[in-house]
Amino acid sequence: MKTFTGKGVYGAVAIGTVSVFKKQDAAVKRVHVEDTEAEKRRVAAAKELSSSQLQEIYEKALKEVGEANAAIFETHRILLDDDDYNDSICNIIESQSVNAEYAVAVTADHFAEMFLAIDDAYMKARAADIRDISGRLIGNLTGAAADGSMTGGKVIICASDLSPSETVSLDKEKVLAFVTACGSSNSHTAILARNMNIPAVIGVGEAFLSVIEDGGEMIVDGFTGEVFWNPDEETRRRLSDKKKEDEEKKRLLQELKGRENITLDGRKVNIYANIGSVDNIGAVLLNDAGGIGLFRSEFLYLENSDYPTEEEQFSAYKRVLESMAGKKVIIRTLDIGADKQVDYFGLKKEENPALGLRAIRICLTRPELFKTQLRALYRASAYGNLGIMFPMITSVSELTEILVLCKEVREELSAQGVGYAENVELGIMIETPAAALISDRLAPMVDFFSVGTNDLTQYTLACDRQNPDMERFVDTHHEAVLRLIEMSAQNAHQHGAWIGICGELAADTTLTETFLKMGIDELSVSPSFVLQVRDVVRKLKITP
Ligand code: PEP
Ligand code: MG
């Protein structure tokens, strides 16, 4: 047995036979041609064929993974029609008297390099799209199958990498799982895998390809990211049990998709999902969350080696909003500091970082940084249903300052003729006892509260959430924490605001009944808990 470890992008177990995904031969030869017009006609015909293939893939993806995720194939069709791209191919054919395949390959390299040189993560990712459409075009020019080959039967597809169109073109009926040597969890491929419910592990390393063979036995554990080649008896038994358990759980929960989050006595609650990165949206959609209750925006800062620009932030927020297609998306402003340290912020070392310069305190100390994020958020608001939420609030004066800055940003955008949505909800996290205790003063100033039970518990019980030795002193159901939540709920409702919970406690189903009785309107949990919480809600009776 040999074990490889990568990143599990969809949690499930698959046991089966390997099929090594064979891409078409990408080596394109440079051939001198006399009749350049004939080459250009070949390009036009290949383009037409590629366009209709992409249309088919788009329709397939639309059914399987929804409009927002299928959109990538529409983008590919648009790129295929791009004038600059096509002019470049024709110019190369004409000026160098070369074959169409060669002109496409050179153009692909040129455009991909151009995208890669742009200092924007979204634009860099377009390089892969250019290579994808060019590969298809070359495949159609040479008459090779555009989507690689797949041997019959149900198999585990193993590849160096898979492009989005290759991923969605895989016949789901025949694919048990897929494993790739390369690839990032941010890629469209990973998002599609999650939404297609195909167990998948990516980035196991190139060495894996020199070990595996067509027809060999493999087990893929999408939960742990482990891949077992030639598994031994014990591993086979263990993973087989895990697979059965998981399938049974999912089978039962799947029946709840599309169902309402409603108690037996008619009380409705919103069940949203928490995400830390744009690439979690697949899981949100897959688990039928009603919206995103907490998008921890600091990931953008943590993943970068310098401050993310307004443009970078704008494109990330826009992508989340567009993918959620009109459903509520609550983005929390930067919550850096304490356990989340970023070198380039140059923060001073603190004796008690959890009680120090973190989250909104940094933003209010450095308003230019905060306003960049607010601008990006308001600009993105035009693309969906946005709520903005502020972390670590302790006073009315902080919130007043925040609201002034928000107003300033809106006025600046209006003066510049930049559009934004008028109905962006503004809310605060209740994660300090101070905020809960003055929630009657804070509620009239906002549209919503969201209780961050992780920090609220830490600050109420005076137990550092980072310190494992504190665990025995932390009672997550402590009456003090529950009273603060209840007090916040009453004050929110009294002043016309709604209240949710986005800390880990929201997924503690032993408390769901308590929360609903308190009047909590929304529970925001990790995507994979959405259906579990729905299940519990639907079995509850709230009124005595
Ligand atoms: C919380 O404190 O409960 C919360 C949701 O925020 P974070 O865990 O990101 O601090
Ligand atoms: Mg917190």
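Just so it is clear, the structure is predicted and the values come from calculations on it, not from any experiment.

Novice: Break down the site of ligand 1 for me, with residues and values.
Specialist: Around ligand 1, a shell composed of 15 residues is seen, among which R296, R332, G452, N454 and R465 lie nearest. A distance of 2.8 Å is found between an oxygen atom of ligand 1 and a side-chain nitrogen or oxygen belonging to R332. Here an oxygen atom of ligand 1 sits 3.0 Å away from a polar atom, N or O, in the side chain of E431. Protein burial of ligand 1: of its 290 Å² of free accessible surface, 98% is covered by the chains. Counting only elements with at least two residues in the shell around ligand 1, the list comes to β10 (291-296) and α18 (453-461).

Novice: Lay out the layout of surface pockets in plain terms, naming residues and giving numbers.
Specialist: Over the atoms rolls a probe the size of a water molecule, and in doing so it shows where empty space is left. A volume near 740 Å³ is recorded for the second largest pocket. If you go around the second largest pocket, you meet 28 residues; those closest to its centre are G11, F223, K250, N287 and S528. Those elements that place two or more of their residues in the lining of the second largest pocket are β2 (7-10), α9 (233-254), α10 (281-286) and α21 (530-538). The leading source of residues in the lining of the second largest pocket is α9, at 7 residues. Residues belonging to the lining of the second largest pocket are distributed by class as follows: 9 nonpolar, 10 polar and 9 charged. Summarising the domain contributions, the lining of the second largest pocket has at least three residues from each of domain 1 (2-23 + 148-234) and domain 3 (262-538).

Novice: Could you give an account of helix α19 (residues 479-494), with specific residues and numbers?
Specialist: With 16 residues, α19 should cover 22 Å at 1.5 Å per step; its first-to-last C-alpha distance of 22 Å lies within 8% of that length. Listing the buried residues of α19 in full gives V481, L482, L484, I485, S488, A489, N491 and A492. At the exit of α19 stands G496, carrying a positive phi of roughly 75 degrees.

Novice: Report on the sheet that holds strand β8 (residues 226-229), specifying residues and quantitative values.
Specialist: The strand order β1-β8-β7-β3-β4-β5-β6-β2 describes an open sheet built from 8 strands, whose pairing is mixed. In this open sheet, the two strands that pair with only one neighbour each are β1 (2-5) and β2. Neighbour-to-neighbour, the strand axes of this sheet turn through a mean angle of 30 degrees, independent of strand direction. In this structure, β2 lies alongside strand β6 (residues 200-202), joined through 3 bridges in antiparallel fashion.

Novice: Go over the pairing of strand β13 (residues 425-430) with me, naming the residues and quoting the values.
Specialist: Burial analysis of β13 places 5 of its 6 residues in the buried class, which makes it a mostly covered element. Judged from the 4 bridges that link them, strand β12 (residues 385-390) and β13 form a sheet pairing that is parallel. Of the residues in β13, the one forming a bridge with M389 is G427. On the question of chirality, the crossover connecting β12 to the parallel β13 by way of helix α15 (residues 396-415) is right-handed. As paired strands, β13 and strand β14 (residues 448-451) are joined by 4 bridges and run parallel to one another. Within β14, the position partnered with I430 by the bridge is V451.

Novice: Give a description of the sheet that holds strand β11 (residues 328-332) that names residues and reports values.
Specialist: The strands making up a sheet are joined through hydrogen bonds of the backbone, oriented either antiparallel or parallel. Pairing within the closed barrel is parallel, and its 8 strands lie in the order β9-β10-β11-β12-β13-β14-β15-β16. Direction aside, neighbouring strands of the sheet carry axes that sit 25 degrees apart on average. Sheet topology note: the β14/strand β15 (residues 498-501) ladder contains 4 bridges and is parallel. Residue pairing for β15: F448 is matched across the bridge by W498. The strands touched by helix α14 (residues 367-380) are β11, β12 and β13; relative to β12, the strand with the most contacts, the crossing angle is about 160 degrees.

Novice: Account for the domain arrangement of the chain, with residues named and values stated.
Specialist: As assigned here, the chain comprises domain 1 (2-23 + 148-234), domain 2 (36-142) and domain 3 (262-538). Once you take the C-alpha centre of each, domain 1 and domain 3 turn out to be 35 Å apart.

Novice: Would you mind going over the coordination of the magnesium ion (ligand 2) in detail, with residue names and values included?
Specialist: For a metal bound by four donors in tetrahedral geometry, the ideal donor-metal-donor angle is 109.5 degrees, whereas six donors in octahedral geometry ideally sit at 90 or 180 degrees. At 2.0 to 2.2 Å from the magnesium ion (ligand 2) lie its protein donor atoms, namely E431 (OE) and D455 (OD). With E431 in the loop between β13 and α16 (433-437) and D455 in helix α18, the pair connects residues that are 24 residues apart, well separated along the chain. Comparing E431 with D455, the two get one shared label, buried.

Novice: Hey, could you go over a negative patch on the surface for me, with residue numbers and the actual values?
Specialist: Taken together, the side chains of D82, D83, D84 and D87 define an acidic patch exposed on the protein surface. By the secondary structure assignment, D82 is in the loop between α2 (67-80) and α3 (83-96).

Novice: Provide a residue-level description of the packing of α14 against α15, including the pertinent values.
Specialist: Taken N-terminus to C-terminus, the directions of α14 and α15 make an angle of 55 degrees; their axes are 10 Å apart at the nearest point. Comparing the axis directions of α14 and α15 gives the class oblique. Crossing geometry of α14 relative to α15 is assigned as right-handed. Of the residues in α15, those touching α14 at P367, F370, K371, L374, R375, Y378 and R379 are I402, L405, C406, E408, V409, R410, E412 and L413. Here the residues of the contact of α14 with α15 are counted per class, giving 9 nonpolar, no polar and 6 charged.

What counts and what doesn't
- Residues numbered from 1 in each chain as written.
- Chains lettered and ligands numbered in written order.
- Predicted model: local features only at pLDDT ≥ 70, side-chain atom pairs only at ≥ 80, totals over all residues.
- Heavy atoms only, no water.
- Near = heavy atom within 4 Å.
- Polar contact = N/O pair within 3.5 Å; in protein donor to acceptor, adjacent residues only side chain to side chain.
- Areas by Shrake-Rupley, 256 points an atom, 1.4 Å probe, with all protein chains shown as cover.
- Helix = DSSP H or I, 4+ residues; strand = E, 2+ residues; numbered from the N terminus.
- 1 Å grid on protein atoms, 1.4 Å probe; cavity = no way out; pocket = protein on both sides within 12 Å on 5 of 7 lines; lining within 4 Å.
- Points joined across faces, edges and corners; volume = space filled by probe spheres on them.
- Nonpolar A, V, L, I, M, F, W, Y, C, P; charged D, E, K, R; others polar.
- Domains from an automatic or database assignment.
- Expected span 1.5 Å × (residues − 1).
- Buried < 20%, exposed > 50% of the residue type's maximum accessible area, 1.4 Å probe, protein only.
- Pairing = 2+ DSSP bridges.
- Axes fitted to C-alpha atoms, helices over the stretch in contact; angles between N-to-C directions.
- Right-handed = clockwise from strand over helix to strand, strands pointing away.
- Contact = heavy atoms within 4.5 Å.
- Donors = N, O, S within 2.8 Å, 3.2 Å for Na, K, Ca; no water.
- Patch = residues over 30% accessible without salt bridge, like charges linked within 9 Å, V, L, I, M, F, W, Y side chains within 5 Å.
- Salt bridge = Lys/Arg side-chain N within 4 Å of Asp/Glu carboxyl O.
- Lys, Arg positive; Asp, Glu negative; His and termini not counted.
- Charge placed at Lys NZ, Arg CZ, Asp CG, Glu CD.
- Parallel < 35°, antiparallel > 145°, perpendicular 65-115°, else oblique.
- Left-handed = near helix turned anticlockwise from the far one by under 90°.

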